[in-house]
Amino acid sequence: MGDHEKHRIMMVSDFFYPNVGGVENHVYYLSQCLLKLGHKVVVVTHAYGNRSGVRYMTGGLKVYYIPWRPFFNQSTFPTLIGMLPIIRTILIRERITLVHGHQTFSTLSHHALLNSRIMGYKVVFTDHSLNGFGDVGSIHMNKVLQFTLADVSQAICVSHTSKENTVLRSGLSAEKVFVIPNAVDTEMFKPAFEPPSRSSEIVIVVISRLVYRKGADLLVEVIPELCRLCPNVRFVIGGDGPKRVLLEEMREHNSLQDRVEMLGAVPHAQVRSVLISGHIFLNSSLTEAFCIAILEAASCGLLTVSTRVGGVPEVLPDDMIVLAEPNPADMVRAIQKAITMLPKIDPQVMHNRMKELYNWHDVARRTEIVYARALKCPHQDLLEHLSRHLSCGAWAGKLFCFVMIMSFLLWHLLELWQPADDIEEVPDLIFQTSMMERRGLKKEKKMTDDGEFGTSFF
Amino acid sequence: MVKFSISKGRYTYTHDQKYSCENVDIHHIILKSSRANYVFVYTLAVLLLASALYLCILGEKSISIVYYSVLFDIFLVKLLLRNPVKKESVVIMPAFGVQLETHYMSGKIIRCFVPIDKILKPVLVECVTPVTCYWTLSLMIRGESEMVLVFKSLRPPVKMLVHVWKALCSATDIKEEALNTCTTNN
């Protein structure tokens, strides 16, 4: 690998801890692995309730919770240039070299990318979901994406299907988009010491938000049919959402109270204990860029049955997953096939294979390559930015150019009002990671004076 | 007698010992008044008055618009050029407490005393607002949920705050050590 220069990365996303989800976990795990590789990572997100200001997480991960209220679905209110002052302050005080935004729906990341580009920083964008093209919401979101991604340095998608989707929606050139799949924390998702017995009954686990997108309606059709065909099958459903009522009604209507167990919302820390109680994991999503849930299930040694949508076929090898078309009949057929495959499955072997296949450290190393490529991109001045934006559309292009010009003017006004020299740089705090390293660091501390914080000022 | 002094931008930090007792430590942060602020606010006020007069004389509106603009100007000047702070001081009396003083341009001085045994720890904190981020020095007080800001109006650079923080730390550490030795002796 040779010597890699150490980057100072600012991860921006509306979605971060204390919210739990795919994007949040991705940002957290990626940041931790990048810290282990020696880079400096700072996460910027909006304030969650009382959680506002600067917080430190494991490994010295600094998180800025900016006190902007979330406006819709955990995203900040779009003001286009309102975020420029605080983003500029954080970029200067942390000596950031690269900005990495996550998720199309995060308005904060779009703001940060726009404003950073104007100020000359290199930006990388990761798209985590698939989006449509037809409805009003999608059309607008795609236009916004076209604006933000018009001059992004590099982009990352979590699957090849997602890459195709992003390239089509945003008009970005395919050479700029890298595919780096998500990974799973295999240390956390381990199979049970004693797997549940398959002789008496087969337990099928479903853990997802019970919403339309995740195919809750399909479950309503599939469960009674399967219970009728296979008398030894039992379902465990974890998760909550607007479609929960439908599932409860189905359970009542078909008198399946003893065969279908509804657990309600399952905290992330308890997902593993729910998974290891089952033999098969069922995923009925109608759209999925990459499904981390099936990785978690495979890591726990469960055989997966899933709908063949989006990036799901790219995730697991054929002997770990049975795919079905998103209709009830095909799903029932697939589950029956999975039940016949069960005797050949060894949870521990499956877990070991997952450890080889998916690993957050690998994701971090690949992301490092993307960063290196992004930093090599040529510097562009305002006119080049404007010409890119003008090509986005007849009216939209002109609107985007206007926004860029306003941002540029605001930036120069801020440079006069609060010059960059007035913003002090923050010293890097070194955190101890392990007992062995702690012993090593203690010796070093005696040799330097005053500790790390003191020496940076004198 | 000035022991040490640093200057950056509009802020100047001085560490002196005014009193003959060597234990008492005084730290000052002095702010140079900015002409630009006054110029800006007064220009704005004049422009407002001028436009009101223009509207009244040439635009043939009633004279009351001039009265309202004068009132608004007075309100604006009062709001933006409130009693400015000249200097903030921290007087550290090791066995006794810490006195926080705010000196205004008009000569008014506001003092706040914090007894030494109420201070749990002085901390340097990063504060984030919707538009900016800056360092402050605060005192964690025993039994209180709110911290006490050492420099209430000024935002000096962190290089200056570090000196005051170290002095406060050593003052509170001495007290803690004394407490510990008392308990061990007993």
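Residues numbered from 1 in each chain as written. Chains lettered and ligands numbered in written order. Predicted model: local features only at pLDDT ≥ 70, side-chain atom pairs only at ≥ 80, totals over all residues. Heavy atoms only, no water.

Next up on the list: the interface of chain B and chain A. The interface of chain B with chain A comprises 17 residues on the first partner and 23 residues on the second. Looking only at chain B, the three residues that lose the most surface to chain A are Glu126, Val128 and Pro130 of chain B, adding up to 32% of its buried area. Our enumeration of links across chain B and chain A arrives at two salt bridges. The salt bridge involving Arg93 of chain A is made with Glu126 of chain B; its shortest N-O contact spans 2.5 Å. Between the two partners, chain B and chain A, sit five residue pairs in polar contact (both at pLDDT 80 or more). Listed by contribution, the elements that provide at least two residues to the side of chain B that touches chain A are strand 7 (119-128), strand 8 (133-141) and helix 3 (158-185) of chain B. No other element matches helix 3 of chain B, which puts six residues into the side of chain B that touches chain A. Looking at the side of chain B that touches chain A, its residues break down into 10 nonpolar, three polar and four charged. (Contact = heavy atoms within 4.5 Å. Buried area = accessible area lost by both parts, 1.4 Å probe. Salt bridge = Lys/Arg side-chain N within 4 Å of Asp/Glu carboxyl O. Polar contact = N/O pair within 3.5 Å; in protein donor to acceptor, adjacent residues only side chain to side chain. Helix = DSSP H or I, 4+ residues; strand = E, 2+ residues; numbered from the N terminus. Nonpolar A, V, L, I, M, F, W, Y, C, P; charged D, E, K, R; others polar.)

Residues and elements named next belong to chain B. Spatially, 1-2-3-4-5-6 is the arrangement adopted by the six strands of the open sheet, whose pairing is antiparallel. The open sheet terminates on both sides in strands that have one partner only, identified here as strand 1 (2-8) and strand 6 (109-115). Between one strand and the next, the sheet's axes are offset by a mean angle of 15°, whatever the strand orientation. Relative to strand 2 (residues 11-16), strand 1 runs antiparallel, the two sharing six bridges. Among the inter-strand pairings, Val2 is bridged to a residue of strand 2, identified as Asp16. (Pairing = 2+ DSSP bridges. Axes fitted to C-alpha atoms, helices over the stretch in contact; angles between N-to-C directions.)

With that settled, consider the state of the cysteines. Considering all chains together, one arrives at zero disulfides over all chains under this definition. Cys133 of chain B forms no disulfide, and the closest cysteine sulfur to it belongs to Cys127 of chain B, at a distance of 7.7 Å. (Disulfide = S-S within 2.5 Å.)

Per the UniProt entry, the sites bearing "domain: Glycosyl transferase family" (unreviewed entry) are residues 195-340 of chain A in this numbering. Secondary structure over residues 195-340 of chain A splits into 34% helix and 21% strand, and the C-alpha atoms at its two ends are 17 Å apart. (UniProt positions renumbered as here; feature names shortened; annotations may be inferred.)

The subject of this paragraph is the pairing of strand 7 of chain B. All names here are of chain B. Across nine bridges, the pairing between strand 7 and strand 8 is antiparallel. Looking at strand 8, one finds that Val128 is bridged to Cys133. Connecting strand 7 to the antiparallel partner strand 8 that follows it, the hairpin turn spans four residues.

With that settled, consider the packing of helix 4 (residues 136-149) of chain A against helix 5 (residues 160-170) of chain A. Residues and elements named next belong to chain A. As a packed pair, helix 4 and helix 5 sit with axes 8 Å apart at the nearest point and diverge in direction by 90°. What the angle tells us is that helix 4 and helix 5 run roughly perpendicular. Here helix 4 contributes Asn142, Leu145, Gln146 and Leu149 to the contact with helix 5, which in turn contributes Thr166, Arg169 and Ser170. When the residues that make up the contact of helix 4 with helix 5 are grouped by side-chain class, the tally is two nonpolar, four polar and one charged. (Parallel < 35°, antiparallel > 145°, perpendicular 65-115°, else oblique.)

A separate point is a nonpolar patch on the surface. On the surface, Leu399, Phe402, Ile405, Met406 and Leu409 of chain A cluster together into a nonpolar patch covering about 470 Å² of accessible area. Position of Leu409 of chain A relative to the elements: it lies in helix 14 (residues 394-417). (Patch = residues over 30% accessible without salt bridge, like charges linked within 9 Å, V, L, I, M, F, W, Y side chains within 5 Å. Areas by Shrake-Rupley, 256 points an atom, 1.4 Å probe, with all protein chains shown as cover.)

In this model, chain B carries a mean pLDDT of 84, and residues with pLDDT of at least 70 account for 91%. Across the whole predicted complex the pTM is 0.85, and at the interface the ipTM reaches 0.81. (pLDDT = per-residue confidence, 0-100.)

This part covers the UniProt feature "transmembrane region" (unreviewed entry) in chain B. Residues and elements named next belong to chain B. In the numbering used here, UniProt assigns the feature "transmembrane region" (unreviewed entry) to residues 38-57 and 63-81. As annotated, residues 38-57 comprises 100% helix and 0% strand, and the C-alpha atoms at either end are separated by 28 Å. Taken as a whole, residues 63-81 contains 89% helix and 0% strand, while its terminal C-alpha atoms sit 27 Å from one another.

We now examine the environment of Phe193 of chain A. Residue and element names in this part refer to chain A. Position of Phe193 relative to the elements: it lies in the loop between strand 10 (177-179) and strand 11 (202-207). According to the relative accessible area criterion, Phe193 is exposed, its value standing at 88%. Along the sequence, Phe193 and Gly278 sit 85 residues apart, while their C-alpha atoms lie 13 Å from each other. (Buried < 20%, exposed > 50% of the residue type's maximum accessible area, 1.4 Å probe, protein only.)

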